[in-house]
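In case you want the letters, here they are:
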Amino acid sequence: MDFANGDIVKILASIWAQIEIFLNSIVLPSRLWQFGIIAACFALAHLGRIWLAPKVDDWGRRRELSTRQLRLLILFRQRLRGFLFVLLAWASVFVLEATKGFYSWRFLVVLVATLVTAWLVVGLVARLIRNALLRRIVRWGAWIWVTLYYLGLWDETVRLLNGTAVEFGDFRITAYGVLKALVLTTILLSVARIISGQTSVRLRTNEDISPSMSELVIKVMQVVLYGAALFIGIKAVGFDLTGLAVLSGAIGVGLGFGLQKVVSNLVSGVIILLDKSIKPGDVISLGETFGWINSLGARYVSVVTRDGKEYLIPNEDLITGQVVNWSHSNEFVRIDLPFGTSYHDDPHVVRKLAVEAAQSVTRVLKNRPTVCHVTGFGDSSVDYLLRFWITDPVEGLTNVRGQVFLALWDTFKANGISIPFPQREVRLLEGSQLDLQPGPETHSENSPHEN
């Protein structure tokens, strides 16, 4: 490690000499009143913000703004003082340029106006990064770079960072290389996230591409973009990626055994996307879980049930287990409804009334025949099976069954059709005697016989 060699000491001395020159120059009369101009611009910007902020709020309330427009308005209001300061500072620069010919008479005002403008632009661009921690790191890093660059200290800072290094044999890692790799990787990851997000929205809304194929393209694109960003960042440090081939192979074998289930779910997810067995929007039932697929992930499938619960089912379970896909090839779903009527009722009339009752329910399809069959003669009823079709299983199955049962009840009641239920009749034979006295084994807890 070479953190304090002679070159670094010389670089630090050079940086301190430039700082001393700058500090000594600001006490000149031509610079002091420039500080007064800067302070006046800041005070006017602060007062302007106090005056304009309520007007901006009233303007936003009077208009029906979209979510994106509302965010832009809030962003503008939060940085209103910065915008006003930049306008006032550059206006002062133009006035000084017209009245004072020498650049030294406006040097500080130009420097501060440039720095604040750069800081403002960095803050606005950093808003594109969704992750709060990453956005904060990028924003502060960019602010530091802009400040050093416009103060003329960036070259010395680069020399200082290049002199701070860690060596492993022939390999040397500098602080500047690590910093450059972090910045480059962050920018590439942010760009990859923006591209993948925009492309995902377009693919999911494209009706010419099947949902499973769009999900597969999105996953492959994300792997390629994020993988390329990481490899480019590692390469920027100076790592020789070919030298990592053996190490990565050994690590891959170890991860293959240790993360067998994870790898199995990843491969199962790719298979699901390729064979199109399930796709977002399908209604499936797996064991006791019944719901529709909300999203397909790399490790699991999100299934939302009618009661609002979201089940995260591993992809492997969908490959190895039995899954009922109610809308795999088409949206038509047939429902069987068993019921029974009394032997006194005419089966021909019962079948006709049952079909009419089912057809009266809104969700039951009219263009597909509803049928009713006699399935047997039970102990106390004639058994029937009513079959009808729906196309919206995502709206629930229990509720449509209940609606058809209610329609059957109303129709049978209006037409005198009875629905039997088990009954038992007890007869006493002539000469027999019924003993109503409880035996010893039937005494209650508070029986007087136990006292």
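It should be emphasised that the depicted structure is a prediction, and the values quoted were computed from it without experimental measurement.

Turning our attention to the overall build of the protein. A count of helices and strands for the protein gives 14 helices and ten strands. The proportion of buried residues among the 451 residues of the protein is 31%. Excluding contacts between residues fewer than 6 apart, the proportion of contacts in the protein whose partners are at least 24 apart in sequence is 62%. With the model as given, the accessible surface of the protein reaches about 29,500 Å², and the carbon-plus-sulfur share is 62%.

Further remarks concern the pattern of salt bridges. Under the criterion given, the structure shown has five salt bridges. When the shortest N-O distance is used, the salt bridge between R363 and D392 registers 3.2 Å. In this pair, R363 sits in the loop between helix 13 (347-359) and strand 9 (371-377) while D392 sits in the loop between strand 10 (382-390) and helix 14 (398-414), placing the two residues 29 residues apart along the sequence. Given a relative accessible area of 16%, R363 falls into the buried group. For D392, a relative accessible area of 22% puts it in the partly exposed group. By sharing partners, the salt bridges in this structure join R334, D336 and R387 into a single network.

Right, let's get into the sheet that holds strand 9. With respect to topology, three strands assemble into an open sheet ordered 8-10-9, the strand pairing being antiparallel. Edge strands, defined here as strands with exactly one partner in the open sheet, are strand 8 (333-341) and strand 9. Taking the axes of each pair of neighbouring strands and ignoring which way they run, one obtains an average angle of 25° across the sheet. Two strands pair when backbone bridges link them, and strand 9 and strand 10 are joined in this way by six bridges, in the antiparallel orientation. In the sheet register, G376 faces strand 10, and the bridge partner there is D383. Packed onto the sheet, helix 13 meets strand 8, strand 9 and strand 10 and runs at close to 135° relative to strand 9.

All right, on to the nonpolar core then. Core analysis: the biggest nonpolar cluster contains 24 residues, and F339, L386, F388, V404 and L408 have the highest contact counts within it. When contributions to this core are tallied by element, the ones reaching two or more residues are strand 8, helix 13, strand 10 and helix 14. In this structure, F339 is in contact with V350, A354, C372, V382, D383, Y384, L386, L408 and F412, ignoring residues within four places of it in sequence. Counting 17 residues, the second-largest nonpolar core is a separate cluster that includes A89, V93, L96 and L108.

Our next topic: the UniProt feature "transmembrane region" (unreviewed entry) in the protein. Within this structure's numbering, the places UniProt gives as "transmembrane region" (unreviewed entry) are residues 32-52, 80-99, 105-125, 137-153, 173-195 and 216-238. A distance of 29 Å separates the end C-alpha atoms of residues 80-99, which is 100% helix and 0% strand. In residues 173-195, the share of helix is 91% and the share of strand is 9%. The end C-alpha atoms are 31 Å apart.

Taken N-terminus to C-terminus, the directions of helix 5 (residues 107-126) and helix 6 (residues 132-150) make an angle of 160°; their axes are 9 Å apart at the nearest point. As summarised for this structure, helix 5 and helix 6 are arranged roughly antiparallel, according to the angle between their axes. Crossing handedness for the pair helix 5 and helix 6: right-handed. Residues L111, T114, L115, A118, W119, V122, G123 and A126 of helix 5 pack against R135, R139, A142, W143, V146, T147 and Y150 of helix 6. Looking at the contact of helix 5 with helix 6 residue by residue, the classes come out as ten nonpolar, three polar and two charged.

Attention shifts here to the packing of aromatic side chains. Applying the stated criterion across every chain yields a total of five aromatic pairs. A centroid spacing of 5.2 Å and a plane angle of 80° characterise the contact between W140 and W143, whose relative ring orientation is edge-to-face. Here W143 and W140 lie together in helix 6, a separation of three residues that amounts to about one turn. Of the residues examined, W143 reaches a relative accessible area of 23% and is grouped as partly exposed. Through a chain of ring-to-ring contacts, the aromatic side chains of F339, Y384 and F412 assemble into a single cluster. For R368, the ring lying beneath its charged end belongs to F332, and the centroid distance is 3.9 Å. Above the face of the W389 ring, R368 is positioned so that its terminal group lies 4.7 Å from the ring centre.

Alternating residues of strand 3 (residues 283-286) divide into V283 and S285 and I284 and L286, and every residue in both groups is buried. Pairing of strand 3 with strand 4 (residues 289-296) involves four bridges; the strand directions are antiparallel. By the bridge assignment, S285 is partnered in strand 4 with F290. Hairpin connection of strand 3 to strand 4: two residues between the antiparallel strands, including G287 at a positive phi of 65°. Sheet topology places strand 3 next to strand 7 (residues 324-325); two bridges connect them, and they run antiparallel. Considered in strand 7, the bridge of I284 is made with N325.

Each value, and the rule that gives it
- Residues numbered from 1 in each chain as written.
- Predicted model: local features only at pLDDT ≥ 70, side-chain atom pairs only at ≥ 80, totals over all residues.
- Heavy atoms only, no water.
- Helix = DSSP H or I, 4+ residues; strand = E, 2+ residues; numbered from the N terminus.
- Buried < 20%, exposed > 50% of the residue type's maximum accessible area, 1.4 Å probe, protein only.
- Contact = heavy atoms within 4.5 Å.
- Areas by Shrake-Rupley, 256 points an atom, 1.4 Å probe, with all protein chains shown as cover.
- Salt bridge = Lys/Arg side-chain N within 4 Å of Asp/Glu carboxyl O.
- Pairing = 2+ DSSP bridges.
- Axes fitted to C-alpha atoms, helices over the stretch in contact; angles between N-to-C directions.
- Core = buried A, V, L, I, M, F, W, Y, C linked by side-chain atoms within 4.5 Å.
- UniProt positions renumbered as here; feature names shortened; annotations may be inferred.
- Parallel < 35°, antiparallel > 145°, perpendicular 65-115°, else oblique.
- Left-handed = near helix turned anticlockwise from the far one by under 90°.
- Nonpolar A, V, L, I, M, F, W, Y, C, P; charged D, E, K, R; others polar.
- Phe/Tyr/Trp six-rings, centres within 6.5 Å; stacked < 30°, edge-to-face > 60°.
- Lys NZ or Arg CZ within 6 Å of the ring centre and 35° of its normal.

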